[in-house]
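Observations on the three-dimensional arrangement
What follows is the residue order along each chain.
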Amino acid sequence: MELIDGKKISAEMKDEIALKVQEHIKSGGKQPHLAAVLVGNDGGSETYVAHKVKACEYVGYKSTLIKREDTITEAELLQIVHDLNQNEDIDGFIVQLPLPKHISEQKVIEAIDFRKDVDGFHPVNVGRMIIGLPSYVSATPFGILELIRRYKIETSGKNCVVIGRSNIVGKPMANLLSQKGYPGDCTVTVCHSRTKNIKEICVNADIIIAAMGSPDFVTAEMVKEGAVVIDVGTTRVPSTETKSGFKLKGDVKFDEVASKCSFITPVPGGVGPMTIVSLLHNTFLATLGEIYG
Ligand code: GUN
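Residues numbered from 1 in each chain as written. Predicted model: local features only at pLDDT ≥ 70, side-chain atom pairs only at ≥ 80, totals over all residues. Heavy atoms only, no water.

**Thoughts on the overall build of the chain**
- Summing up its helical and strand segments, the chain has 10 helices and 11 strands in all.
- Taken against the 2.2 N^0.38 rule, which gives 19 Å for 293 residues, the C-alpha radius of gyration of the chain at 19 Å falls within 12% of a compact globule.
- Dimensions along the principal axes, computed over C-alpha positions, put the chain at roughly 50 × 40 × 35 Å.
- The burial tally for the chain puts 49% of its 293 residues in the buried class.
- Across the chain, the fraction of contacts at a sequence separation of at least 24, relative to all contacts at a separation of at least 6, is 71%.
- Each charge class in the chain can be summarised by its mean position, and for the 33 positive and 36 negative side chains these summaries are 2 Å apart. (Helix = DSSP H or I, 4+ residues; strand = E, 2+ residues; numbered from the N terminus. Rg over C-alpha atoms; globule rule 2.2 N^0.38 Å. Buried < 20%, exposed > 50% of the residue type's maximum accessible area, 1.4 Å probe, protein only. Contact = heavy atoms within 4.5 Å. Lys, Arg positive; Asp, Glu negative; His and termini not counted. Charge placed at Lys NZ, Arg CZ, Asp CG, Glu CD.)

Below is the structure:
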């Protein structure tokens, strides 16, 4: 069994990006600039956004954080999005989700100029990704593909089961792994809360991507000997073992599953650290105008 070390790979990738940024600026290029909009006081979101800002500093990007109370109206938030769309110094930006209930996330996502949508959530980016055109691929699927690439995991002709059908992980992941080329060419099955024989489906999988946000859902009896298991779960559960008072739990019962796997991602330290590096990657593409000119 080999542990997939997302912490190590993401650190390597950050250094690669930092080097590219240095070269880009030395040759007269613009300093990349990422903005993040954070609404409310959700602990998880605050932590994610703080990590994103720190990562920007590390690789030499400019970053702008726009923080608003959760009493902000939808119209006010849409105005912020509009202003960011118009701001020529900002190459890409994100609006951290979830948003308060009185604001339509879909409306906000669709208000973002797709050329600055480094989260890859806008329907234009999702649509382009699905038909194999250059696009911003959302952070978690991109990070998982990069782990597969860097650990040289074979995908061609493999049976892949994606558990979960969210717009930001399950749906894009299933599509990307079924696309032509590497990493792809998989035969993909999507399982979800209404799937009847989930154990029978999983036990035939060469690759399992667990992304339904249900702690310890994937057990040893669901996993074939030699399978690759990617755990996207990051449920916060109370803990007396950590300073913060909580810890992250994956969707895979790691202790009993790990010994059966050829490769497995831990939680934390697997997929999680890759998502920020994916955002940095997309932001650099935006600065270079690689996708939309
Ligand atoms: N909330 C959880 N993950 C993400 C993400 O990748 N982007 C945004 N904008 N919000 C999130």
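There is more to say after this.
**Some points on the state of the cysteines**
- Inspection of every chain in the model, using the stated rule, returns zero disulfides.
- You can see Cys-191 has no disulfide; the closest cysteine sulfur is in Cys-202, sitting 5.1 Å from it.
- You can call Cys-191 buried: its relative accessible area is 0%. (Disulfide = S-S within 2.5 Å.)

**Some points on helix H1 (residues 6-26)**
- Over its 21 residues, H1 extends 30 Å from the first C-alpha to the last, a length consistent with the 30 Å expected when each residue adds 1.5 Å.
- For H1, every residue scored as buried is listed here: Gly-6, Ile-9, Ser-10, Met-13, Ile-17, Ala-18, Val-21 and His-24.
- Of the residues that open H1, the one with a side-chain oxygen 3.2 Å from the backbone nitrogen of Lys-7 is Asp-5. (Expected span 1.5 Å × (residues − 1). Polar contact = N/O pair within 3.5 Å; in protein donor to acceptor, adjacent residues only side chain to side chain.)

**So, unusual backbone geometry**
- With an omega of -10°, the peptide bond between Tyr-182 and Pro-183 qualifies as cis.
- The topology assignment puts Pro-183 in the loop between helix H7 (170-178) and strand S6 (187-191).
- Of note, the bond from Val-267 into Pro-268 is cis; its omega dihedral lies within 30 degrees of zero at 0°.
- Relative to the helices and strands, Pro-268 resides in the loop between strand S11 (261-264) and helix H10 (272-288).
- Phi at Lys-152 is positive, roughly 50°, even though this residue is not glycine.
- Located in the positive-phi region is Asp-216, a residue other than glycine, with phi close to 60°.
- The topology assignment puts Asp-216 in the loop between strand S7 (207-210) and strand S8 (227-231).

**Brief notes about the pattern of salt bridges**
- Tallied over the full model, the rule gives 12 salt bridges.
- When the shortest N-O distance is used, the salt bridge between Arg-150 and Glu-146 registers 2.9 Å. With a gap of four residues between them, Arg-150 and Glu-146 both fall in helix H6 (residues 139-150), about one helical turn apart.
- With its nearest N and O atoms 3.8 Å apart, the salt bridge here joins Lys-247 to Glu-241.
- Taking relative accessible area as the criterion, Glu-241 reaches 65% and is therefore assigned exposed.
- Through salt bridges with shared partners, a single network forms among Glu-16, Glu-146, Arg-149 and Arg-150. (Salt bridge = Lys/Arg side-chain N within 4 Å of Asp/Glu carboxyl O.)

**Concerning the nonpolar core**
- Residues Tyr-61, Ile-144, Leu-177, Ile-209 and Leu-280 are the most contacted members of the largest nonpolar core, which totals 53 residues.
- Excluding residues that lie within four positions of it along the chain, Leu-280 makes contacts with Lys-14, Ile-17, Ala-55, Cys-56, Val-59 and Tyr-61.
- If you look at the next biggest cluster of nonpolar residues, it comprises 18 residues, including Cys-191, Ala-210, Ala-258 and Ile-264. (Core = buried A, V, L, I, M, F, W, Y, C linked by side-chain atoms within 4.5 Å.)

**Let's talk about the layout of surface pockets**
- Computed from the structure, the second largest pocket encloses a volume of approximately 380 Å³.
- Lining the second largest pocket are 20 residues; nearest its centre among them are Leu-133, Ser-135, Val-137, Arg-149 and Leu-176. (1 Å grid on protein atoms, 1.4 Å probe; cavity = no way out; pocket = protein on both sides within 12 Å on 5 of 7 lines; lining within 4 Å. Points joined across faces, edges and corners; volume = space filled by probe spheres on them.)

**Structural notes on the site of the ligand**
- Lining the immediate surroundings of the ligand are Lys-52, Val-95, Gln-96, Leu-97, Asp-119 and Phe-121.
- Between the ligand and Val-95, the relevant distance is 2.9 Å, taken from a nitrogen atom to a main-chain nitrogen or oxygen of the residue.
- Taking Leu-97, its main chain carries an N or O atom lying 2.9 Å from a nitrogen atom of the ligand.
- Within the complex, 79% of the 280 Å² of free accessible area of the ligand lies under protein.
- Partitioned by chemical class, the residues of the shell around the ligand number three nonpolar, one polar and two charged. (Near = heavy atom within 4 Å. Areas by Shrake-Rupley, 256 points an atom, 1.4 Å probe, with all protein chains shown as cover. Nonpolar A, V, L, I, M, F, W, Y, C, P; charged D, E, K, R; others polar.)

**Describing the sheet that holds strand S4 (residues 92-95)**
- If you trace the three strands from one edge of the open sheet to the other, you get S3-S2-S4, paired in parallel fashion. Looking at which strands have only one partner, the edges of the open sheet turn out to be strand S3 (62-68) and S4. Pairs of neighbouring strands in the sheet enclose a mean axial angle of 15°, with direction left out of account.
- Both strand S2 (residues 33-39) and S4 contribute to a ladder of four bridges, which runs parallel. (Pairing = 2+ DSSP bridges. Axes fitted to C-alpha atoms, helices over the stretch in contact; angles between N-to-C directions.)

**Here we look at the sheet that holds strand S5 (residues 159-163)**
- Taken in spatial order, the six strands of this open sheet run S1-S11-S8-S7-S5-S6, and their pairing is parallel. Each end of this open sheet is capped by a strand with a single partner; those strands are strand S1 (2-3) and S6.
- Two elements, S7 and S8, share four bridges in a ladder whose sense is parallel. Residue Ala-210 lies in a different strand from S8, and its bridge partner there is Asp-231.

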